[in-house]
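Here are the chains, one letter per residue:
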Amino acid sequence: MADAWQTYPVEFRGGLVTNLSPLQQGLNQPGSATILQNFEPSVEGGYRRILGYRKFDSNALSNSGLVRGLLRFDSQVFASRGSGIFKSTGGGYTAITGSTAFPASTATAKVNGATSSTTSLAVDNNSGTIIAGMVVTGTGISGSVTVSSLSDQNNLVLSSSQSLSDNVDLTFTETSPTLGGSGKVRFATYNFAGTDKFMVTDGSGKPFTFDGTNFKQLTSLSSDFSGCSNVAIFRNHVILVNDNNVFYSAPYKDEDFSAANGGGVINVGNTVTDLIVFRDQLIIFTEKTIQRLSGSSQSNFVLASISDDLGAIAFDTAQEVGGDVMFLGPDGLRLLGGTDRIGDFGLGVVSKSIQSETTNFVNSSTSYASLVVREKSQYRLFGFNPGYTDASALGLLGTQFAGQGGEGMAWSELRGINAYVATSSYDGENEHSYFANDDGFVYELEKGNSFSGSNIRATFATPSFPFDDPRIRKTFYKAFLYTEPTGSIDFDLSLKLDFERSNTGIIQPNAISLGNTTSNVFLYGTAAFAHTALVNNGSGYAVGATSIAIDTFSGDSNTGLTTGDTFKFVLTETATAAVNGAVSSSTGVAVDNNSGTILVGMQVTGTGISGTVLVATVTDQNNLVLDTAVSLSNDVSLTFTNRNFGDTFTLTGVPTISGSAGSSTSTLAFSPALTTKVVDNTKVVFHSVGGEDAATYSDSAIDSLFETQLIGSGFTAGMRIETDNTNPAFTLDAATIEYSVNGRR
């Protein structure tokens with residue numbers, strides 16, 4: 001005879017765990033997952049289905065083969081494919097290689113004596129250096145003309161006969177060089193003399209530089225620099241890697257590596273696989289060692305060992321996340337954890353809980369790419385194999401919950417992000433993440449609710465719950481699932497009995513389909529759904545704006561947004577820092593000891609702050625401009641809070657909505673005008689849709705509770721949730737299972 005009904009609650013937390021026996025995991029970590037694919041352990045709690053990706057530019061890059069490297073620079077994406085580097089703001093690519101539009105160098109001169117149908121040319125009044133191969137332009141130049149040869153700077157031979165008048169101004173342009181080799185292309189950005197620049201290595205020839213106008217190769221460097229494969233910036237030095245040699249430039253110089261001027265070279269003994277700047281030290285990885293370079297110049301640089309028998313087994317896996325450095329070691333993912341004592345490090349494997357998945361991932365991949373999603377405290381590692389289809393591409397995702405150390409890592413698996421190269425950056429207001437493979441397109445991560453139009457397939461499976469006693473049979477009656485949706489919900493829930501063993505004779509219950517419109521499922525507390533969207537403008541919107549672009553709208557053209565509907569802007573992030581130097585009646589504030597990311601528009605509070613004070617400009621995370629002058633003492637603790645903008649905005653017209661639910665776009669005209677700057681990707685929540693109030697809670701979509709009947713009997717039971725669609729992301733928070741206990745037999 002069955003006893004009275006009982007309730008078993010479980011909070012979803014802990015991430016993917018596969019190194020425990022089924023019963024151990026069910027007893028000790030019931031909220032963890034035995035399968036967690038395309039769900040991310042969220043810093044806000046629960047497991048959230050990941051966002052999708054979309055093409056950054058609808059055009060493919062020229063050339064063929066793999067996209068070799070990616071960089072965001074000057075609000076543009078730079079991508080390398082074949083022998084070229086191309087740039088785009090999203091509306092087509094422009095080559096900076098093999099082009100006179102971004103010349104390696106230019107020169108000017110005047111014709112010194114008229115010519116008539118001859119290739120010989122005398123010039124004077126020179127500026128710059130004329131070299132063979134330069135393209136010649138000017139009045140009277142006919143066709144495509146280059147400098148074939150020259151005996152000196154005043155006597156040239158052109159590639160075709162020309163007739164030119166005396167004193168005509170001529171311009172000589174050196175076509176920008178192209179890349180060599182076929183391996184990965186790596187970039188590093190810097191500003192040594194007031195101009196933003198980047199340096200490029202192609203693993204074949206000598207490095208290149210680009211300053212926004214000129215793209216050139218550093219041909220004056222010695223042959224020792226041919227084949228440089230990686231580049232970094234450390235203590236105002238350019239760092240170049242060629243095999244086991246680490247070169248450093250003279251201070252604040254990008255073309256001078258001479259020892260006489262402060263440059264030099266360090267042989268680290270083995271081929272360098274990765275390098276990263278961390279806590280004012282340059283961490284240098286080889287397959288077998290980890291070393292650190294400290295100091296600030298040739299006079300005090302010191303190379304010291306961190307590990308002599310452990311290194312990074314692959315290129316492009318080292319990333320800083322949450323005050324630690326993650327990298328792929330021979331036995332899994334490790335953290336190079338800095339301790340409280342500057343210069344001390346602790347090494348620890350943080351992927352032990354998913355050791356079998358990590359081993360399979362490493363064995364299946366031929367190369368790797370990685371990035372961090374800073375606002376989510378996430379490390380993402382992508383494996384690439386030429387045999388992968390997009391759907392079969394593997395990846396690992398780790399969310400760091402603790403301040404430092406591996407005990408706070410929660411893991412999941414990625415499927416369907418086929419990345420050969422990847423990069424992420426933060427520009428002071430917005431985070432940008434990109435990847436590319438061999439199809440020629442650059443994709444932007446954390447955008448939309450599909451994989452470039454394809455479904456996102458996600459699976460979560462719990463351990464088998466013992467319900468206090470794993471040897472007493474239970475009868476299961478009902479399940480409640482607690483979720484946080486941002487739009488339509490559609491997934492399957494399955495009850496898995498007795499570890500899914502095939503020899504028990506138990507028939508596993510059929511999957512139950514859950515969705516907003518499913519007849520046998522109740523969605524509590526929603527009269528009208530609270531639709532959401534994100535602001536879609538890289539530079540944000542200034543005070544006074546009365547129109548904004550949005551994307552990832554949870555509705556579509558049938559949603560019924562109309563004149564008079566209302567919405568609010570919602571922000572939830574917080575950060576803290578300490579004043580770094582007393583301030584007297586100034587809007588400029590320097591800070592240090594940061595925790596979290598400071599964003600434009602955040603409200604600032606702390607001792608000495610009065611009234612409403614906002615962050616007006618983020619020069620970088622340590623230098624801020626406030627909208628109000630303040631006087632602050634040194635080391636005062638400040639809190640930065642993204643405000644729930646109190647204003648309610650009303651649509652002044654009927655917006656045109658394009659695209660499908662979850663990835664649609666529109667432009668909203670509204671009143672009143674903005675009174676605070678709104679940055680890109682700020683959440684928009686509609687409080688009325690089609691003239692009807694939408695159900696909301698704390699200005700976000702109301703938590704949704706699903707109830708469904710269960711059929712089944714067994715000693716243990718687990719849950720599996722699967723979704724395969726382009727619906728908006730949602731979070732699985734918790735569940736309860738109602739059951740009764742049968743008598744022991």
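What counts and how
Residues numbered from 1 in each chain as written. Predicted model: local features only at pLDDT ≥ 70, side-chain atom pairs only at ≥ 80, totals over all residues. Heavy atoms only, no water. Helix = DSSP H or I, 4+ residues; strand = E, 2+ residues; numbered from the N terminus. Rg over C-alpha atoms; globule rule 2.2 N^0.38 Å. Contact = heavy atoms within 4.5 Å. Areas by Shrake-Rupley, 256 points an atom, 1.4 Å probe, with all protein chains shown as cover. Lys, Arg positive; Asp, Glu negative; His and termini not counted. Charge placed at Lys NZ, Arg CZ, Asp CG, Glu CD. Core = buried A, V, L, I, M, F, W, Y, C linked by side-chain atoms within 4.5 Å. Buried < 20%, exposed > 50% of the residue type's maximum accessible area, 1.4 Å probe, protein only. Pairing = 2+ DSSP bridges. Axes fitted to C-alpha atoms, helices over the stretch in contact; angles between N-to-C directions. Salt bridge = Lys/Arg side-chain N within 4 Å of Asp/Glu carboxyl O. Arc of directions from axis to C-beta. pLDDT = per-residue confidence, 0-100.

Caption draft 1: Fine view of the overall build of the protein. Scanning the protein for helices and strands turns up two helices and 62 strands. Computed over the C-alpha atoms, the radius of gyration of the protein is 30 Å, within 12% of the 27 Å expected from 2.2 N^0.38 for a compact globule of 745 residues. Sequence-distant contacts, at least 24 apart, represent 63% of the contacts inside the protein between residues at least 6 apart. Looking at the protein as shown, the accessible area adds up to about 29,800 Å², and 45% of this sits on carbon and sulfur atoms. The averaged location of the 68 negative side-chain charges in the protein is 6 Å from the averaged location of its 42 positive side-chain charges.

Caption draft 2: Broad picture of the nonpolar core. Of all hydrophobic cores here, the largest spans 54 residues; its most connected members are Met326, Leu333, Phe460, Phe476 and Leu481. It is strand β62 (residues 730–741) that provides the largest number of residues to this core, a total of six residues. Leave out the neighbours within four places in its chain, and methionine 326 touches Thr317, Ala318, Gln319, Val321, Leu333, Arg334, Leu335, Val350, Tyr379, Met409 and Trp411. Grouped together as the second largest cluster of nonpolar side chains are 23 residues, Val579, Val618, Val636 and Phe640 included.

Caption draft 3: Geometry of the environment of threonine 171. Here threonine 171 is to be found in strand β15 (residues 169–174). Considering only alpha carbons, one finds threonine 171 and threonine 562, 391 residues apart in sequence, at a separation of 58 Å. When near neighbours in sequence (up to four residues on either side) are disregarded, threonine 171 contacts Ala107, Thr108, Val135, Val136 and Thr137.

Caption draft 4: A look at the sheet that holds strand β48 (residues 583–595). The six strands lie next to each other as β47-β48-β51-β50-β49-β52, forming a closed barrel whose pairing is antiparallel. Neighbour-to-neighbour, the strand axes of this sheet turn through a mean angle of 50°, independent of strand direction. Looking at chain direction, strand β47 (residues 574–579) and strand β52 (residues 637–641) are connected through five bridges and run antiparallel. The residue of β52 that forms the bridge with threonine 576 is threonine 639.

Caption draft 5: Just the sheet that holds strand β45 (residues 547–553), in detail. Judged by pairing direction, the barrel is antiparallel, and its six strands sit side by side in the order β44-β45-β54-β53-β46-β55 before closing back on the first. Across the sheet, the mean angle from the axis of one strand to that of its neighbour is 45°, orientation sign disregarded. In this sheet, strand β54 (residues 664–671) lies alongside strand β53 (residues 649–651) in antiparallel orientation, the contact comprising two bridges. Pairing of leucine 651 across the sheet is with phenylalanine 670, part of β54.

Caption draft 6: Structural view of the pattern of salt bridges. Enumeration over the complete set of coordinates arrives at 17 salt bridges. The salt bridge involving aspartate 331 is made with arginine 334; its shortest N-O contact spans 2.7 Å. Residue classification places aspartate 331 among the partly exposed positions, given a relative accessible area of 30%. A relative accessible area of 13% means that arginine 334 is categorised as buried. Here lysine 496 makes a salt bridge to glutamate 500, at a shortest N to O gap of 4.0 Å. Using a relative accessible area of 18% as the deciding quantity, one classes lysine 496 as buried. One salt-bridge network, in which partners are shared between bridges, spans Glu40, Lys376, Arg380 and Glu446.

Caption draft 7: Just helix α2 (residues 355–364), in detail. Turning to α2, its buried residues are Glu357, Thr358 and Phe361. Summarising the axial view, the buried residues of α2 lie within an arc of 100°, below the 170-degree limit, and thus occupy one face.

Caption draft 8: Seen up close, the confidence of the model for the protein. Overall, the prediction assigns the protein a mean pLDDT of 89, with 91% of residues at 70 or greater. Confidence drops under pLDDT 50 across residues 338–343; counting only partners more than four residues distant or on other chains, this segment forms 14 contacts. Confidence drops under pLDDT 50 across residues 517–529; counting only partners more than four residues distant or on other chains, this segment forms 33 contacts.

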